[in-house]
Amino acid sequence: MKTLVFAHRGASKRAPENTMPSFQLAYEMGAEGIETDVQLSKDGIPVLIHDETVRRTTNSVGFVQDYTYEQLQNLDAGSWFSEKYENTRIISLEDFLIWAQPKQLQLNIELKNNVIDYENLEKKVYDLLIKYKLVKRTTISSFNPVSLERFKQIDRKIATALLTSQRINGLVDYTSGLGAKALHIKYRLLNSKVVEECREKDMKLRIYTINRAGAMKKCFQLHTDAIFTDVPDIAIEQRRLFE
Ligand code: G3P
Ligand code: MG
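Here goes a summary of the coordinates provided. (Residues numbered from 1 in each chain as written. Chains lettered and ligands numbered in written order. Predicted model: local features only at pLDDT ≥ 70, side-chain atom pairs only at ≥ 80, totals over all residues. Heavy atoms only, no water.)

1. Points about unusual backbone geometry
Here is step 1: Not every positive phi belongs to a glycine, and Asn87 is a case in point at roughly 75°.
Here is step 2: Along the chain, Asn87 falls in the loop between helix H2 (69-73) and helix H3 (93-100).
Here is step 3: Owing to a relative accessible area of 44%, Asn87 belongs among the partly exposed residues under this scheme.
Here is step 4: Here the phi dihedral of Asn120 falls at roughly 65°; this positive angle occurs in a residue that is not glycine.
Here is step 5: Within the secondary structure layout, Asn120 lies in the loop between strand S4 (106-111) and helix H4 (121-131).
Here is step 6: Its relative accessible area of 46% is what places Asn120 among the partly exposed residues. (Helix = DSSP H or I, 4+ residues; strand = E, 2+ residues; numbered from the N terminus. Buried < 20%, exposed > 50% of the residue type's maximum accessible area, 1.4 Å probe, protein only.)

The structure is reproduced here in structure tokens:
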């Protein structure tokens, strides 16, 4: 099996992360999957934004959870990246799913609930996946292991993934114990031992965030299941050398 290319926050090197232009570009580049980050608005709408605050990626300040969805819609989530993307909007998870549904894309929805443990985030996300019949193509990931356990209580069959950047003894066993089907690790944790351990447990191994050709090469050589990259076009080009 070839290593799949997941666009990290979309094609986020070339367009503002987690926005429609960035997802559309990733799709056009031929990425097999898209990774995106979910936070909750004040009125309980799952929205796609990486940070808990809007400061870095919009023209405003404050916590996402202090803005209603409508208020978030008034922010400019593109100008910080470049003038070309002025007035690009934050989108809801629902709009993203509507866009992704007719396309052959795998989805990785990262719940950003390791800093703020948003109430009912799991159920809200799950209900949307059911509504758009996307459960089978989606992996739910989080740095928060408790959230992964909560997700399993909603649907024990849904694919979940533990995210970590920490060297933890017995990581693969621990991940298995959470009922997760995948482990998403930072590149510095990648070695042949973790690849082997995951294989033995039938656990998918995906690596973030891989933007340099040398790191891509290592992932392809070790046959990791996927990489997350801000530059899917470059990753796909590099991968050809290994086909
Ligand atoms: O899901 C992989 C990666 O996105 C995790 O870290 O901070 O980029 O969301 P972060
Ligand atoms: Mg992420």
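Next, the rest of the story.
2. A word on H3
Working note: α-helix, 3.6 residues per turn, so residues spaced by three or four point in the same direction.
Here is step 1: Here H3 has its buried residues at Leu93, Phe96, Leu97, Trp99 and Ala100. Summarising the axial view, the buried residues of H3 lie within an arc of 160°, below the 170-degree limit, and thus occupy one face.
Here is step 2: Among the structural elements, helix H1 (20-29), strand S2 (33-40), strand S3 (46-48), S4 and H4 are those in contact with the buried residues of H3. (Arc of directions from axis to C-beta. Contact = heavy atoms within 4.5 Å.)

3. A look at the environment of Arg56
Here is step 1: Looking at the element boundaries, Arg56 is found in the loop between S3 and H2.
Here is step 2: Those residues in contact with Arg56, other than ones at most four positions away along the chain, are Arg9, Glu17, His50, Asp51 and Trp80.
Here is step 3: Reaching out from Arg56, the side chain makes a polar contact with the side chain of Asp51 at a distance of 2.8 Å. (Polar contact = N/O pair within 3.5 Å; in protein donor to acceptor, adjacent residues only side chain to side chain.)

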